Amino acid sequence: MALITIFTPTYNRAHLLRDAYESLCNLDFNPNQSFEWLIVDDGSTDNTEEVVNGFIQEGKIPIRYFKKPNGGKHTAINLGAKEAKGELFWILDSDDSL
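Quick summary incoming for the structure in this document. Given the structure is predicted, the values throughout are model-derived calculations rather than measurements. (Residues numbered from 1 in each chain as written. Predicted model: local features only at pLDDT ≥ 70, side-chain atom pairs only at ≥ 80, totals over all residues. Heavy atoms only, no water.)

**So, the overall build of the chain**
Within the chain, the secondary structure is distributed over four helices and four strands. For the chain, the succession of helices and strands along the chain, N to C, is β-α-α-β-α-β-α-β. Viewed in the frame of its principal axes, the chain has a C-alpha envelope of about 35 × 25 × 20 Å. Expressed as a percentage of the 98 residues in the chain, the buried residues total 39%. (Helix = DSSP H or I, 4+ residues; strand = E, 2+ residues; numbered from the N terminus. Buried < 20%, exposed > 50% of the residue type's maximum accessible area, 1.4 Å probe, protein only.)

Here it is in structure tokens:
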């Protein structure tokens, strides 16, 4: 089990996700034992799913992706909290980096 779930709710923000992804890849500890990146796509109509699937295929960090019908950020957060496997839950918005 991951110690931390780093959670990103997103909606039509494919163009911003790479910076968040790269910042997670560059963290200075073993990501496979320390965290999971959980992304909930709140019904995006851009290429968010394609971008995230590209990250997943790279295999650099553990990523879980869920796409749901648009219902607002609060519903994406609720799904993220439900699906989180980490003991701790950290929200990293799509335009943030660590």
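**Focus on the pattern of salt bridges**
Considering all chains together, one arrives at nine salt bridges under this definition. Across the pair Arg-13 and Asp-95 runs a salt bridge, and its minimum N-O distance is 3.3 Å. Residue Arg-13 is found in the loop between strand S1 (4-10) and helix H1 (14-25), and its partner Asp-95 is found in the segment after strand S4 (88-91); the two are separated by 82 residues along the sequence. Exposure remark for Arg-13: the relative accessible area of 27% places this residue in the partly exposed category. The network of salt bridges with common partners includes Arg-18, Glu-22, Glu-58 and Lys-60. (Salt bridge = Lys/Arg side-chain N within 4 Å of Asp/Glu carboxyl O.)

**Thoughts on the packing of aromatic side chains**
All told, the structure shown has four aromatic pairs when counted by the stated rule. On the basis of an interplanar angle of 25° and a centroid distance of 5.3 Å, the ring pair of Phe-7 and Phe-89 is categorised as stacked. In this pair, Phe-7 sits in strand S1 while Phe-89 sits in strand S4, placing the two residues 82 residues apart along the sequence. Since its relative accessible area comes to 0%, Phe-7 is described here as buried. Residue classification places Phe-89 among the partly exposed residues on the basis of a relative accessible area of 34%. Between Trp-37 and Phe-55 the ring centres are 6.2 Å apart and the planes differ by 25°, which places this aromatic pair in the stacked class. With Trp-37 in strand S2 (residues 35-41) and Phe-55 in helix H3 (residues 48-58), this pair connects stretches of sequence that are 18 residues apart. (Phe/Tyr/Trp six-rings, centres within 6.5 Å; stacked < 30°, edge-to-face > 60°.)

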